[in-house]
Amino acid sequence: MRVDIVTIFPEFFGVLDVSLLGRARQSGLIDVRVHDLREFAHDRHRTVDDSPYGGGAGMVMKPEPWGEALDGIVGESSTLVVPSPAGAPFTQATARELAAREHLVFACGRYEGIDQRVIDHYADRIEVRELSLGDYVLNGGEVAAMAMIEAVGRLVPGVIGNPASLDEESHESGLLEYPSYTKPALWRGRAVPPVLLSGNHGAVAEWRRAQQIERTGRVRPDLIGGE
């Protein structure tokens, strides 16, 4: 998979060189390229924003540098991802969809966002997804893009050493993941649930399923309606 990121803060994405995604980049499973939007602004101050038409607070990112930057990156197989609090919710199902794409391009907006004509222009040519991490506002799209890239990247075949470990994670089955335990069996007076020490795999599976349902009903009752 190839991932391109356009941002005015390219240094933000240095974290992609560490952990699983860092190893995936080194092994060639994921090709990540970061582009500085200001390189496509040609005035003396490398300006990428201007005041909004119609008035209002804040600034809007100009279409010219975005168009020039994206024209050199996107192709017919590209999916343009625009992190935005006005976008559709980014879910585990969305991450799985995007993990099947050949080429993702993340457009990291700032200020009051990117001129809408940029999104509309590319939506006429390629798949465009405006996506939101949640019902809150960040200072820019970088944090959201980083979270989405990690969520998507770990689903690319070969990135996770044991792909079976993905099957029981939170949100894969519509439920939250069950609690996990490891050695020692007793820690500060708290014991591991006896069923996990029983060696009875059927009983363990039943306990874990019950824990998923209980935890989801307690923490995220909105997810359990179809259960």
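This text follows the structure it describes.
Presented here is a report on the structure given in the accompanying data block. Predicted model only: the values in this text are computed from it and were never measured.

Rules behind the numbers
- Throughout this document, residue positions are counted from 1 along each chain, in the order its sequence is written.
- In keeping with the predicted nature of the model, local features appear solely for residues at pLDDT of at least 70, side-chain atom pairs appear and are counted solely at 80 or more, and the whole-chain, interface and lining totals rest on all residues.
- Excluding hydrogens and water, the side-chain figures rest on all heavy atoms present in the structure.
- Side-chain rings of Phe, Tyr and Trp, where Trp is taken by its six-membered ring, are said to pair if the distance between their centres is within 6.5 Å; with planes under 30 degrees apart they count as stacked, over 60 as edge-to-face, and otherwise as tilted.
- Working definition: helices are DSSP H or I runs of at least four residues, strands are E runs of at least two. Numbering for both runs from the N terminus.
- Contacts described as polar in this section are N or O atom pairs within 3.5 Å, which, within protein, must combine one atom able to donate a hydrogen with one able to accept it, while residues neighboring in sequence count only if both atoms come from side chains.
- Contact definition: two residues touch when any of their heavy atoms are within 4.5 Å.
- Think of it in three bands: with a 1.4 Å probe and only protein chains considered, a residue is buried below 20% of the maximum accessible area for its type, exposed above 50%, and partly exposed in between.
- The term salt bridge refers to a side-chain nitrogen of Lys or Arg lying within 4 Å of a carboxyl oxygen of Asp or Glu.

## Some points on the packing of aromatic side chains
The geometry of an aromatic ring pair is captured by two quantities: the separation of the ring centres and the angle between the planes.
Logical step 1: All chains considered together, the criterion is met by 2 aromatic pairs.
Logical step 2: With 5.3 Å between their ring centres and 65° between their planes, phenylalanine 12 and phenylalanine 13 make a pair best called edge-to-face.
Logical step 3: Ring geometry for tyrosine 181 versus tryptophan 207: centroids 6.5 Å apart, planes at 55°, classification tilted. Within this pair, whereas tyrosine 181 is found in the loop between α5 (142-153) and β8 (186-187), its partner tryptophan 207 is found in helix α6 (residues 201-219), the two being separated by 26 residues in sequence.

## Regarding the side chain of serine 78
Logical step 1: If you trace the backbone, serine 78 turns up in strand β5 (residues 78-89).
Logical step 2: For serine 78, the side chain forms a polar contact with the main-chain nitrogen of glycine 75, separated by 2.7 Å.
Logical step 3: Engagement of the side chain of serine 78 in a polar contact is seen with the side chain of histidine 103, the distance being 2.7 Å.
Logical step 4: Discounting chain neighbours no more than four positions away, the residues touching serine 78 are Ile73, His103, Val105, Ile126 and Glu127.

## Observations regarding helix α2 (residues 63-71)
Logical step 1: Along α2, the residues classified as buried are Pro65, Trp66, Gly67, Ala69 and Leu70.
Logical step 2: On the buried face of α2, the contacting elements are β1 (2-7), β4 (60-61), β5, β6 (103-107) and α4 (116-123).

## Examining the environment of leucine 155
Logical step 1: Looking at the secondary structure, you find leucine 155 in the loop between α5 and β8.
Logical step 2: Using a relative accessible area of 9% as the deciding quantity, one classes leucine 155 as buried.
Logical step 3: Distance in space between the C-alpha atoms of leucine 155 and glutamine 92 is 9.9 Å, their sequence separation being 63 residues.

## Points about the pattern of salt bridges
Logical step 1: As enumerated under the stated definition, the model contains 13 salt bridges in all.
Logical step 2: Where aspartate 36 meets arginine 46, a salt bridge forms, and the shortest distance between an N and an O atom there is 3.8 Å. On the criterion of sequence distance, the pair formed by aspartate 36 in strand β2 (residues 31-36) and arginine 46 in the loop between β2 and β3 (49-50) is long-range, its members being 10 residues apart.
Logical step 3: Its relative accessible area of 34% is what places arginine 46 among the partly exposed residues.
Logical step 4: Here glutamate 214 and arginine 218 are joined by a salt bridge, their closest N and O atoms 2.9 Å apart. In this pair, glutamate 214 and arginine 218 are both assigned in helix α6, 4 residues apart and thus about one turn of the helix distant.
Logical step 5: In this structure glutamate 214 comes out as partly exposed when scored by relative accessible area, which is 38%.
Logical step 6: Salt bridges here are not isolated pairs; linked through shared partners, they connect Glu97, Arg101, Glu127 and Arg129.

## Remarks on unusual backbone geometry
Logical step 1: Cis geometry is adopted by the peptide bond preceding proline 184, which originates at lysine 183 and carries an omega value of 5°.
Logical step 2: Along the chain, proline 184 falls in the loop between α5 and β8.
Logical step 3: Unusually for a residue other than glycine, tyrosine 111 sits at a positive phi of about 60°.
Logical step 4: Of note, tyrosine 111 is situated in the loop between β6 and α4.
Logical step 5: The exposure class of tyrosine 111 is partly exposed, given its relative accessible area of 38%.

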